[in-house]
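# Descriptive structure summary
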Amino acid sequence: GAGVSQSPRYKVAKRGQDVALRCDPISGHVSLFWYQQALGQGPEFLTYFQNEAQLDKSGLPSDRFFAERPEGSVSTLKIQRTQQEDSAVYLCASSLAVGGEAFFGQGTRLTVV
Amino acid sequence: GESVGLHLPTLSVQEGDNSIINCAYSNSASDYFIWYKQESGKGPQFIIDIRSNMDKRQGQRVTVLLNKTVKHLSLQIAATQPGDSAVYFCAETPLYGGATNKLIFGTGTLLAVQP
């Protein structure tokens with residue numbers, strides 16, 4: 001595709017449910033980032049992949065959050081036992097090279113009820 | 001879609017006027033700065049960037065100014081149009097920040113252009 005694609009666009013989860021959010025980066029992009037954006041706030045860094053290697057996961061808020069990129073392309077962000085404070089837009093971004101311009105997807109809006 | 005602009009500082013301008021959006025950054029080690037535009041229901045979109053060895057950079061209708069002494073960044077939009085209405089974020093990162101080059105976003109500003 002022409003840009004970063006994220007699915008689903010919207011997800012409603014009951015508290016305690018596990019969710020999986022998918023990111024398809026731009027083909028050939030080495031770097032992949034996940035950000036969390038609460039309503040009315042700027043995006044906050046969660047984790048970073050360079051190809052299949054997860055080089056930085058310092059932004060993951062708890063051990064309920066897990067991300068993977070097993071083949072260095074598609075990435076999945078998984079949240080276990082969702083809680084209301086997990087409600088946010090989850091943004092994925094990719095860049096061709098380390099330090100290159102980051103292109104963002106439209107995000108997945110997660111609402112935990 | 002739901003607005004990302006709730007609780008954000010708002011700048012309201014008339015169509016055709018120039019807009020200036022300001023941002024204070026926190027990390028003196030940051031050496032690369034980017035302005036993003038985010039429309040409702042969309043991800044951030046790159047507008048313009050500047051490195052710390054510059055104090056001004058111009059694009060099409062946009063200019064970014066960097067004052068490292070007071071750690072201040074501004075975005076100037078000339079002849080603002082209704083399509084410029086969005087939330088604007090500044091972001092900082094160390095250019096050679098090791099493995100990550102993660103972006104640190106500031107508090108956004110909602111730009112509302114009145115026709």
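Reading guide: rules and limits
- Residues numbered from 1 in each chain as written.
- Chains lettered and ligands numbered in written order.
- Predicted model: local features only at pLDDT ≥ 70, side-chain atom pairs only at ≥ 80, totals over all residues.
- Heavy atoms only, no water.
- Salt bridge = Lys/Arg side-chain N within 4 Å of Asp/Glu carboxyl O.
- Helix = DSSP H or I, 4+ residues; strand = E, 2+ residues; numbered from the N terminus.
- Buried < 20%, exposed > 50% of the residue type's maximum accessible area, 1.4 Å probe, protein only.
- Contact = heavy atoms within 4.5 Å.
- Buried area = accessible area lost by both parts, 1.4 Å probe.
- Polar contact = N/O pair within 3.5 Å; in protein donor to acceptor, adjacent residues only side chain to side chain.
- Nonpolar A, V, L, I, M, F, W, Y, C, P; charged D, E, K, R; others polar.
- Phe/Tyr/Trp six-rings, centres within 6.5 Å; stacked < 30°, edge-to-face > 60°.
- Pairing = 2+ DSSP bridges.
- Axes fitted to C-alpha atoms, helices over the stretch in contact; angles between N-to-C directions.
- Disulfide = S-S within 2.5 Å.

## Focus on the pattern of salt bridges
In the structure shown here, the tally under the stated rule is seven salt bridges over all chains. Among the ionic pairs, A:Lys78 bridges to A:Glu68, the shortest N-O distance being 3.4 Å. Of this pair, A:Lys78 sits in strand β8 (residues 75–79) while A:Glu68 sits in strand β7 (residues 65–68); the two residues are ten residues apart in sequence, bridging distant segments of the chain. A relative accessible area of 32% means that A:Lys78 is categorised as partly exposed. Residue class for A:Glu68 comes out partly exposed when judged on its relative accessible area of 26%. A salt bridge links B:Glu39 to B:Lys42; its shortest N-O distance comes to 3.8 Å. A residue is classified by how much of its surface remains accessible, and B:Glu39, at 25% relative accessible area, is partly exposed. Accessibility expressed as a relative area gives 41% for B:Lys42, which makes it partly exposed.

## Quick look at the interface of chain B and chain A
Facing 21 residues of chain B, the contacting portion of chain A comprises 24 residues. Both faces considered, chain B and chain A share a buried interface measuring about 1,800 Å² in area, 56% of it formed by carbon and sulfur atoms. Across the pair A:Asp56 and B:Lys102 runs a salt bridge whose closest N-O atoms are separated by 3.9 Å. Put simply, chain B and chain A have four residue pairs in polar contact (both at pLDDT 80 or more) between them. Partitioned by chemical class, the residues of the side of chain B that touches chain A number ten nonpolar, eight polar and three charged.

## Concerning the packing of aromatic side chains
One pair of aromatic rings is described through two measures. These are the centre distance and the angle between the planes. Inspection of the entire model under this criterion finds twelve aromatic pairs over all chains. Measuring from ring centre to ring centre gives 6.5 Å for A:Phe65 and A:Tyr90, while their planes differ by 40°; the resulting arrangement is tilted. Taken as a pair, A:Phe65 in strand β7 and A:Tyr90 in strand β9 (residues 88–95) lie far apart in primary sequence, 25 residues in all. Their ring planes at 50° and their centres at 4.5 Å tell us that B:Tyr25 and B:Phe33 sit as a pair that is tilted. With respect to class, B:Tyr25 is no different from B:Phe33; both count as buried. Through a chain of ring-to-ring contacts, three or more aromatic side chains come together here, namely A:Phe33, A:Tyr35, A:Phe45, A:Tyr48, A:Phe104, B:Tyr36, B:Phe46, B:Phe89 and B:Phe105.

## Examining the side chain of B:Thr93
One can find B:Thr93 in strand β8 (residues 86–93). Not counting the four nearest positions on each side in its chain, B:Thr93 is found in contact with B:Ser30, B:Asp31, B:Tyr32, B:Asn101, B:Lys102 and B:Leu103.

## A few points about the sheet that holds strand β6 (residues 62–67) of chain B
Residues and elements named next belong to chain B. Judged by pairing direction, the sheet is antiparallel, and its four strands sit side by side in the order β2-β7-β6-β5 without closing on themselves. On the outer flanks of this sheet lie β2 (19–24) and β5 (56–58), each paired with one strand and no other. If you compare each strand with its neighbour and ignore which way they point, the axes differ by 15° on average. In this sheet, strand β7 (residues 72–77) lies alongside β2 in antiparallel orientation, the contact comprising six bridges. Within the sheet, the bridge partner assigned to Ser19 lies in β7 and is Ile77.

## A closer look at the state of the cysteines
Here the structure, examined in full by the defined rule, presents two disulfides over all chains. In this model A:Cys23 forms its disulfide with A:Cys92; the gap between the sulfur atoms is 1.9 Å. Measuring handedness by torsion sign, the sulfur bridge of A:Cys23 and A:Cys92 sits at about -65° and is left-handed. Pair noted here: A:Cys23 is in strand β3 (residues 19–24) and A:Cys92 is in strand β9, with a separation of 69 residues, a long-range link. According to the relative accessible area criterion, A:Cys23 is buried, its value standing at 0%. Note that B:Cys23 is cross-linked by a disulfide to B:Cys90, the S-S spacing being 1.6 Å. Residue B:Cys23 is located in strand β2, and its partner B:Cys90 is located in strand β8; the two are separated by 67 residues in the primary sequence. Here B:Cys23 matches B:Cys90 in class, with each residue buried.

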